[in-house]
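# Results of the structural survey
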Amino acid sequence: MRESRPIVALDFPSFEAVKEFLDRFPQEEKLYVKIGMELYYGAGPEIVSYVKSLGHSVFLDLKLHDIPNTVKSAMAVLAKLGVDMTNVHAAGGVEMMKAAREGLGKGPKLIAVTQLTSTSEEQMRDFQNIQTSLEESVLHYAQKTQEAGLDGVVCSAHEVAKIKAVTSEDFICLTPGIRPAGSSVGDQKRVMTPADAYRIGSDYIVVGRPITQAEEPVAAYQAIKAEWNAQA
Ligand code: C5P
């Protein structure tokens, strides 16, 4: 299940910036990249086709959340773009997640966001009116995600062991908030190194700024990839 390449978060505002970044890598280096809302809405669906045409894999991070029928139709469109993985909000419900799977088909991986890491327990209680701990809510959503037939969840590396304990070993845990030792944490609150993320069972790590903002992005990518795979 474990992916050998760190997923590079292409948090760039435009097609040109993405092209300039990808052009730095040797042609034979096939990356796994994350395309998020900013880039997708700014550059359009063509950005996915472009990245795929270079032979890279794409995790399209759009976090869909709507009525089941709408999500199903949208997923069918994303499947045509050739995405390798995409996601929804688990809060949309089991029926919505099942519909997402139906629309996307069996090929691409489909994962869910549980509670956003920007949501505090206090916010969850006051605003969402969910009267439990944040951790219990995350675990509950993870179980429902599995029940709906999805492949896994986006989560903090610190939650991986507990999520796998209530789902299964092969339930994907994709973890952002990764920082190699000594690199700037930025706005991330709870970070983990690639080596530690491997040790605690992450299946995919997502790394953005430590690679995209590095003076030598290719070298930074290789170092993180080596650290991630050193544990294998
Ligand atoms: O630059 P950095 O490595 O912090 O980027 C991490 C990427 O993962 C960003 O695209 C960010 O939006 C995303 N992400 C995150 N934490 C989450 C969910 C997604 O950092 N809980």
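None of these values were measured; they are calculated from a predicted model.

### Some points on the UniProt feature "domain: Orotidine 5'-phosphate decarboxylase" (unreviewed entry) in the protein chain
Within this structure's numbering, the places UniProt gives as "domain: Orotidine 5'-phosphate decarboxylase" (unreviewed entry) are residues 5–224. Annotated as 43% helix and 17% strand, the span residues 5–224 places its first and last C-alpha atoms 9 Å apart.

### Topic: the sheet that holds strand β7 (residues 172–175)
Spatial strand order, β1-β2-β3-β4-β5-β6-β7-β8: eight strands in a closed barrel with parallel pairing. For this sheet, the mean angle separating the axes of adjacent strands, direction not counted, is 25°. Bridge analysis of strand β1 (residues 7–9) against strand β8 (residues 204–207) gives two bridges, and the strand direction is parallel. The residue bridging valine 8 from the neighbouring strand is valine 207, located in β8. In the packing of helix α4 (residues 68–81) onto the sheet, contacts are made with β3 (57–64), β4 (85–89) and β5 (109–113), and the angle to β3 comes to roughly 165°.

### Here we look at the packing of helix α1 (residues 15–22) against helix α3 (residues 46–53)
Running from N to C, α1 and α3 cross one another at 15°; their axes reach a closest spacing of 11 Å. By the angle class used here, α1 and α3 are roughly parallel. Seen along the crossing, α1 lies across α3 with a hand that is right-handed. Residues Phe15, Val18, Lys19 and Leu22 of α1 lie in contact with α3, whose contacting residues are Ile47, Tyr50 and Val51.

### Quick look at the site of the ligand
Taken together, the residues surrounding the ligand are Ala9, Asp11, Lys34, Thr117, Pro176, Arg179, Gln188, Val206, Val207, Gly208, Arg209 and Pro210. One nitrogen or oxygen atom from the side chain of lysine 34 is found 2.9 Å from an oxygen atom belonging to the ligand. One nitrogen or oxygen atom from the main chain of arginine 209 is found 2.7 Å from an oxygen atom belonging to the ligand. Contact with the protein chains covers 80% of the free accessible surface of the ligand, which is 460 Å². Taking a 2 Å distance to the grid points as the criterion, the majority of the atoms of the ligand fall inside the largest pocket. If you list the elements that add at least two residues to the shell around the ligand, you get β8 and α10 (209–212).

### Describing the layout of surface pockets
Of the pockets and cavities examined, the largest pocket occupies roughly 1,200 Å³. Together, 41 residues line the largest pocket, and Thr117, Ser118, Pro176, Gly177 and Gln188 are the ones closest to its centre. Looking at the lining of the largest pocket, the elements with two or more residues in it are β2 (32–36), α2 (37–43), β3, α7 (134–147), β8 and α10. Tallied by class, the residues present in the lining of the largest pocket amount to 16 nonpolar, 14 polar and 11 charged.

Reading guide: rules and limits
Residues numbered from 1 in each chain as written. Predicted model: local features only at pLDDT ≥ 70, side-chain atom pairs only at ≥ 80, totals over all residues. Heavy atoms only, no water. UniProt positions renumbered as here; feature names shortened; annotations may be inferred. Helix = DSSP H or I, 4+ residues; strand = E, 2+ residues; numbered from the N terminus. Pairing = 2+ DSSP bridges. Axes fitted to C-alpha atoms, helices over the stretch in contact; angles between N-to-C directions. Contact = heavy atoms within 4.5 Å. Parallel < 35°, antiparallel > 145°, perpendicular 65-115°, else oblique. Left-handed = near helix turned anticlockwise from the far one by under 90°. Near = heavy atom within 4 Å. Polar contact = N/O pair within 3.5 Å; in protein donor to acceptor, adjacent residues only side chain to side chain. Areas by Shrake-Rupley, 256 points an atom, 1.4 Å probe, with all protein chains shown as cover. 1 Å grid on protein atoms, 1.4 Å probe; cavity = no way out; pocket = protein on both sides within 12 Å on 5 of 7 lines; lining within 4 Å. Sits in = over half its atoms within 2 Å of the grid points. Points joined across faces, edges and corners; volume = space filled by probe spheres on them. Nonpolar A, V, L, I, M, F, W, Y, C, P; charged D, E, K, R; others polar.

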